[in-house]
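Below, each chain spelled out in residue letters.
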Amino acid sequence: SEVVDGLTQHAPLSCVARFGRISSSVQHPTRPPLGMVRTIRTEIIIDASIGSVWKVVSDLRTWGEWNAWTKFEDVDENPAGTDARLLASFDGDGTWKEYACQILAVDHDRHFLNWAGGVPCGLFHGNHWIILTPESETRTRMEHNEDFTGLLPALNLGMPFAKVARNYVYINEAVKRVVEARAPD
């Protein structure tokens, strides 16, 4: 799967990624953006119940077991509203870059996961979320998205955005493999 700024990505039929820039008029579910926003939008259909997918996605403490691109450390058992450390491997090679983040929501009723982090003074902020929607009792749509705001994203600096977008597709595919390999609930 290749990710190119501003274009729909070539990915497996079950997975779609979009990456680009949108104006400040776009509203986000948890935080209105300031200035220029870079966006990543991905989704995948997983052949499993929403409960099976949520069990994997919402357990941030185990992301490192199945995910070569993002993992969390210092995460509480009930992490909503707490600080954590996010480690990102932009090439999936075990070389990790550490970021402070806050887990904003782990909403078990809405199947909504949200975390954010950045640097002060409006230079860079990322707001990341995953939301699950049932397609049927045995199929789930997983949307995996992030908005980046601030001066650095507006100048295409501060983050390898194309690699990050590609990695969200890879993370989606990893969730699909892990969940579909497990026995149903």
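Structural data are supplied above this passage.
Quick summary incoming for the structure in this document. Computed from a prediction, not measured in an experiment: that's the story for all the values here.

1. Quick word on helix 1 (residues 50-57)
Extensive coverage of helix 1 is indicated by the burial of six of its eight residues. What helix 1 keeps buried is the set Ile50, Ser52, Val53, Trp54, Val56 and Val57.

2. Notes on the nonpolar core
With 39 residues, the main nonpolar core has Phe72, Leu113, Trp115 and Val175 as its most contacted residues. Ignoring any residue separated from it by four or fewer positions in sequence, one finds Val175 in contact with Ile46, Val53, Val57, Trp66 and Met142.

3. Quick notes on the environment of Ile130
With respect to the secondary-structure elements, Ile130 resides in strand 7 (residues 124-136). For the pair Ile130 and Met142, spaced 12 residues apart in sequence, the C-alpha to C-alpha distance is 6.9 Å. Excluding residues that lie within four positions of it along the chain, Ile130 makes contacts with Val57, Trp63, His111, Phe112, Leu113, Trp115, Met142, Glu143 and His144.

4. Some details on the pairing of strand 2 (residues 37-46)
Counting buried residues along strand 2, 10 of its 10 residues qualify, which places the element largely inside the surrounding structure. Neither face of strand 2 is open: one carries Val37, Thr39, Arg41, Glu43 and Ile45, the other Arg38, Ile40, Thr42, Ile44 and Ile46, and all of them are buried. Sheet topology note: the strand 2/strand 8 (residues 139-149) ladder contains 10 bridges and is antiparallel. For Thr42, the partnering residue across the bridge sits in strand 8 and is His144.

5. Brief notes about helix 4 (residues 161-181)
For helix 4, spanning 21 residues, the distance from its first C-alpha to its last is 30 Å, which sits close to the expected 30 Å at 1.5 Å a residue. Among the 21 residues in helix 4, 15 count as buried, and that is most of the element.

6. Re the packing of aromatic side chains
As enumerated under the stated definition, the model contains seven aromatic pairs in all. Measuring from ring centre to ring centre gives 5.4 Å for Trp69 and Tyr170, while their planes differ by 45°; the resulting arrangement is tilted. Taken as a pair, Trp69 in the loop between helix 2 (63-66) and strand 3 (70-73) and Tyr170 in helix 4 lie far apart in primary sequence, 101 residues in all. By relative accessible area, which is 15% here, Trp69 ends up buried. For the pair Phe124 and Phe148, a centre-to-centre distance of 5.7 Å together with 45° between the ring planes defines the contact as tilted. Of this pair, Phe124 sits in strand 7 while Phe148 sits in strand 8, placing them 24 residues apart in sequence.

About the thresholds
- Residues numbered from 1 in each chain as written.
- Predicted model: local features only at pLDDT ≥ 70, side-chain atom pairs only at ≥ 80, totals over all residues.
- Heavy atoms only, no water.
- Buried < 20%, exposed > 50% of the residue type's maximum accessible area, 1.4 Å probe, protein only.
- Helix = DSSP H or I, 4+ residues; strand = E, 2+ residues; numbered from the N terminus.
- Core = buried A, V, L, I, M, F, W, Y, C linked by side-chain atoms within 4.5 Å.
- Contact = heavy atoms within 4.5 Å.
- Pairing = 2+ DSSP bridges.
- Expected span 1.5 Å × (residues − 1).
- Phe/Tyr/Trp six-rings, centres within 6.5 Å; stacked < 30°, edge-to-face > 60°.

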